Amino acid sequence: WESVHVVDGSLMYALGQWYIFYRGNNGTINQLGLATCPGGPGSTPTGPWTKYAGNPVYSPSDFLTGAVAYDPRNGLFFLWYANGAATAIVFATSPDGITWTGQGNRATANCTGCTAQGILGDAISAARYGGLWIIAGHCVTSFADGGRNAGYMTTTAETDTGKIFQRTSRPRPF
């Protein structure tokens, strides 16, 4: 399932161990994989890392790439991912990082701040800031132009549920 590449890791400490969620591709589809590393409070993720034997842990048909975060307030892992057409951010949750449930919550992500009608690139990140989750990704006019007309997209999500409720786009800041 990950024979072509392994990229886009989301690293976090949760539930007494280190987690890294990553995108694997077999030449046909992208899927979400998981590896863990033992650790305690204040530890560093030096290994050994163990890939989850049941990988991939999430395989929606429209998965392009995503970001995973853990919210200790409600004990859930949140996954925000770009759909395969790169036109929306989709949301899923998991109590353990292994069993995922799509929440049917999506935000259009046509990246209107780009110089043309853009699409999402292949990188998304998530961070908690000021009581909200901020989900960010770059957008490009097309993949064919190498991303020269890039911008970035941010989406805000509710703190407790992770559900998406706002989207803004901006031109490339550099």
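Scroll up to find the structure.
A brief report on the enclosed structure follows. (Residues numbered from 1 in each chain as written. Predicted model: local features only at pLDDT ≥ 70, side-chain atom pairs only at ≥ 80, totals over all residues. Heavy atoms only, no water.)

Considerations on the sheet that holds strand 2 (residues 17-25)
Logical step 1: Pairing within the open sheet is antiparallel, and its 4 strands lie in the order 1-2-3-4. Whereas interior strands pair on both sides, the edge strands pair on one side only; in this sheet they are strand 1 (5-14) and strand 4 (50-51).
Logical step 2: Direction of pairing for strand 3 (residues 30-38) relative to strand 4: antiparallel, over a ladder of 2 bridges. Within strand 4, the residue paired with T36 across the bridge is T50. (Pairing = 2+ DSSP bridges. Helix = DSSP H or I, 4+ residues; strand = E, 2+ residues; numbered from the N terminus.)

Let's talk about the pattern of salt bridges
Logical step 1: Throughout the structure, instances matching the rule amount to 3 salt bridges.
Logical step 2: When the shortest N-O distance is used, the salt bridge between D71 and R73 registers 3.7 Å.
Logical step 3: Among the residues examined, D71 registers a relative accessible area of 0% and is labelled buried.
Logical step 4: You can call R73 exposed: its relative accessible area is 51%. (Salt bridge = Lys/Arg side-chain N within 4 Å of Asp/Glu carboxyl O. Buried < 20%, exposed > 50% of the residue type's maximum accessible area, 1.4 Å probe, protein only.)

Regarding the packing of aromatic side chains
Logical step 1: In the structure shown here, the tally under the stated rule is 13 aromatic pairs.
Logical step 2: Ring plane angle 55° and centroid distance 4.7 Å describe the contact between Y70 and F77, whose orientation is recorded as tilted.
Logical step 3: Take F77: its relative accessible area is 0%, and that puts it in the buried class.
Logical step 4: The rings of Y19, F21, Y58, F63, Y70, F77, Y81 and W100 are connected pair by pair, giving a single aromatic cluster. (Phe/Tyr/Trp six-rings, centres within 6.5 Å; stacked < 30°, edge-to-face > 60°.)

Points about the nonpolar core
Logical step 1: Counting residues in each nonpolar core, the largest one holds 17 residues, and the members touching the most others are F21, L32, V68, F77, L79 and W100.
Logical step 2: Among the nonpolar cores identified, the runner-up in size contains 11 residues, and A67, W80, A82 and I89 belong to it. (Core = buried A, V, L, I, M, F, W, Y, C linked by side-chain atoms within 4.5 Å.)

Quick notes on the side chain of R23
Logical step 1: Among the structural elements, R23 can be located in strand 2.
Logical step 2: One polar contact links R23 to D8, side chain to side chain, over a distance of 2.6 Å. (Polar contact = N/O pair within 3.5 Å; in protein donor to acceptor, adjacent residues only side chain to side chain.)

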